[in-house]
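# A structural walkthrough
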Amino acid sequence: MALFRRDRPTRVQLDQPIIEPRATRAPSSLWADGFGRLGIRSIQILVVVAVAAGIVFVIQYLTLVTIPLAIALILACAFAPAMNWLRRHRVPDLPATMITLLAIVAVLTGLSWLIVWAVRNQWDDLYAQAQEGIDHLIEWVNTLPFQLFTADQLEEWTTTLTDFVTSAQFGSGALAGVGAVASFVTGFVLLVTILFFFLKDGPQMWEFLLRPFRGESEQRARRIGHKTVGVLGSYVRGTATVALVDAVGILIGLLLLQVPLAIPLAVLVFLLAFIPIVGATLAGVLAALVALVANGWVNALLVVGVVVLVNQLEGNLLQPFLMGRTMKLHAFVILVALAVGTALSGLIGAVLAVPVTAAVWGIVQVWDGPHLPARWARRRTREPQPSTSTAVEVA
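Predicted model, so just to flag it, every value in this text is computed and none were measured.

Basis of the calculations
- Residues numbered from 1 in each chain as written.
- Predicted model: local features only at pLDDT ≥ 70, side-chain atom pairs only at ≥ 80, totals over all residues.
- Heavy atoms only, no water.
- Helix = DSSP H or I, 4+ residues; strand = E, 2+ residues; numbered from the N terminus.
- Buried < 20%, exposed > 50% of the residue type's maximum accessible area, 1.4 Å probe, protein only.
- Contact = heavy atoms within 4.5 Å.
- Phe/Tyr/Trp six-rings, centres within 6.5 Å; stacked < 30°, edge-to-face > 60°.
- Arc of directions from axis to C-beta.
- Expected span 1.5 Å × (residues − 1).
- Core = buried A, V, L, I, M, F, W, Y, C linked by side-chain atoms within 4.5 Å.
- Salt bridge = Lys/Arg side-chain N within 4 Å of Asp/Glu carboxyl O.
- Axes fitted to C-alpha atoms, helices over the stretch in contact; angles between N-to-C directions.
- Left-handed = near helix turned anticlockwise from the far one by under 90°.
- Nonpolar A, V, L, I, M, F, W, Y, C, P; charged D, E, K, R; others polar.
- Patch = residues over 30% accessible without salt bridge, like charges linked within 9 Å, V, L, I, M, F, W, Y side chains within 5 Å.
- Areas by Shrake-Rupley, 256 points an atom, 1.4 Å probe, with all protein chains shown as cover.
- pLDDT = per-residue confidence, 0-100.

This part takes up the overall build of the chain. If you tally the helices and strands in the chain, you get 14 helices and zero strands. Shown N-terminal to C-terminal, the secondary structure of the chain runs as helices and strands in the order α-α-α-α-α-α-α-α-α-α-α-α-α-α. Expressed as a percentage of the 395 residues in the chain, the buried residues total 27%. Here the contacts in the chain between residues at least 6 apart in sequence split such that 68% fall between residues at least 24 apart.

Here's what the structure looks like:
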């Protein structure tokens, strides 16, 4: 009976309502709707912009350190195959580094000496030819049916220029030039020092930077490093080859046309070729101006023809073959990168802007795998639409 009474439900228990557990509902959140997601994205964009602005501020404030560091990194990537070849042939790190570094310094010093030597030897002739060309230009202007300027205006301009050269303002400018030379020497010494350590201990430095990463993050970091070295090295080697061919071609043309300062102009063509699109045009304009002042407008037109011919051969033959795999950038992107680099760091920024942009785009291309770009940068694959006959058969 006790067992029966214990297990039997009482009347009170039967009369009690059965309470079912309520379904758990997700608490409402202000960040779950469209405006919330927009706010989150806005905060993320502001954080990215703040970080980018901080980086730009540091780069502009420490240009004496950041610019040599960037140039040394690019040169180290360019000469990485030479260092690897020396290491494969069992050359110790220190001798291999010294050989490569001395070769780089010798090339840079040789180019600078060549420019100075050619200018010093031909400056007097160019000055005399420039005076004669200006006199011819004035005579030609005086024969025009309309008058551009009078002899009194020309004399006034000459007096103003002479007063400026002999004034204290010009002296202060010269002192500022001396300060710029001192900064250049300091930056060059720092560049050589950093480049020495990059060449000698670059792999060890990279392994040290990879220590905090594990798993997929480490693999991604290794892909980024490998891609950056490949893109920067290929860019410098390909651009140097194209620039050398341009310089030799224009040098031959200038020598045949007997244009003064042919060697310095050819070296200038080589250096300006590292600024895509704009550099070749600027070098051609300078060569044409020298030819115009020294030899007349017919010779200047011939120089323009030589420059255009060489640039066409470069753009249609050399660059697609040597730079096609490296510079996968649209011309609009290159122009924007040049504008931003010039605004930030002047001529040096224009030189560094394009390889840095190419390296960033290369990193995007291997973000999710060796041949798998980041999700937002992948090409969309359109699903094939069913044909009309197939739709009829299904119907």
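On we go from here.
What follows covers the environment of Gly284. Counting through the fold element by element, Gly284 comes out in helix α11 (residues 278-295). Each C-alpha atom of the pair Gly284 and Ile250 lies 9.0 Å from the other, and the pair is 34 residues apart in sequence.

Inspection of every chain in the model, using the stated rule, returns two aromatic pairs. When the ring of Phe196 is compared with that of Phe197, the centres are 5.3 Å apart and the planes differ by 80 degrees; the resulting orientation is edge-to-face.

We now examine helix α5 (residues 80-88). Looking only at α5, the buried set comprises Ala80, Met83 and Leu86. What you see down the axis of α5 is that its buried residues fit within an arc of 125 degrees, all on one side. With its phi angle positive at about 60 degrees, Arg90 sits one or two positions after the end of α5.

Okay, helix α9 (residues 216-256) next. Under the 1.5 Å per step criterion, the end-to-end length of α9 is 60 Å for 41 residues, consistent within 8% with the ideal 60 Å. Gln258 lies just past α9 and shows a positive phi near 60 degrees.

Okay, the nonpolar core next. Formed by 32 residues in total, the largest nonpolar core has its most connected members in Ile250, Leu254, Val259, Leu265, Val303 and Leu338. Looking at this core, the elements that each hand over two or more residues are α4 (63-78), α9, α10 (262-272), α11, α12 (297-323) and α13 (331-365). Broken down by element, this core gets its largest block of residues, seven residues, from α13. Ignoring sequence-local partners within four residues, the contact set of Val303 consists of Leu254, Leu257, Val259, Ala287, Ala288 and Ala291. Judged by nonpolar contacts, the second largest core, of 13 residues, contains Ala76, Ile104, Leu195 and Leu199.

Turning our attention to the pattern of salt bridges. When their charged atoms lie close together, side chains carrying opposite charge are able to pair. Using the criterion set out here, one finds six salt bridges in the structure. The residue Arg222 makes a salt bridge to Glu207 at a minimum N-O spacing of 3.1 Å. With a gap of 15 residues between them, Arg222 in helix α9 and Glu207 in helix α8 (residues 168-209) connect regions that are remote in the sequence. By relative accessible area, Glu207 is classed as partly exposed at 39%. Within this structure, Glu207, Glu218 and Arg222 form a network of salt bridges that share partners.

Close contact between α9 and α13 brings their axes to 9 Å; oriented N to C, the two are set at 145 degrees. Note on packing geometry: the crossing formed by α9 with α13 is right-handed. On α13, the residues touching Ile224, Lys227, Thr228, Val231, Leu232 and Tyr235 of α9 are Val354, Pro355, Ala358, Ala359, Gly362 and Ile363. Classifying every residue of the contact of α9 with α13 gives nine nonpolar, two polar and one charged.

This part covers a nonpolar patch on the surface. Together, Leu282, Val285, Leu286, Leu289, Leu292, Val293, Trp297, Val298, Leu301 and Leu302 make up an exposed nonpolar region whose accessible area comes to about 900 Å². Put simply, the parts of the chain that give the nonpolar patch at least two residues each are α11 and α12. The biggest single contributor to the nonpolar patch is α11, with six residues. Tracing the chain through its elements places Leu292 in helix α11.

This prediction gives the chain a mean pLDDT of 76; 70% of its residues lie at or above 70. Considering only residues more than four positions removed or in separate chains, one finds that residues 1-6, a stretch of pLDDT under 50, has zero contacts. Predicted confidence for residues 23-27 stays below pLDDT 50, and this span has zero contacts to residues more than four positions away or in other chains.

To characterise two packed helices, one gives the angle between the axes of the helices and the distance between these axes. The contact between α4 and α13 brings their axes to 11 Å, and the two run at 35 degrees. Between α4 and α13 lies a crossing of left-handed hand. Of the residues in α13, those in contact with Ile67, Ala70, Ile71 and Ile74 of α4 are Ser345, Ile348, Leu352 and Pro355. Tallied by class, the residues present in the contact of α4 with α13 amount to seven nonpolar, one polar and no charged.

Another aspect to go through is the environment of Ala221. Inspection of the secondary structure assignment puts Ala221 in helix α9. In this structure Ala221 comes out as buried when scored by relative accessible area, which is 11%. Sequence separation of Ala221 and Ile363 is 142 residues, and the distance between their C-alpha atoms is 9.6 Å. Setting aside its immediate chain neighbours within four residues, Ala221 contacts Trp206, Leu210 and Phe213.

With respect to the helices, strands and loops of the structure, Thr66 is situated in helix α4. For Thr66, a relative accessible area of 19% translates into the label buried.

Here we come to unusual backbone geometry. Even without being glycine, Arg90 reaches a positive phi, approximately 60 degrees. Position of Arg90 among the secondary structure elements: in the loop between α5 and α6 (93-142). Overall, Arg90 belongs to the exposed group, its relative accessible area being 79%.

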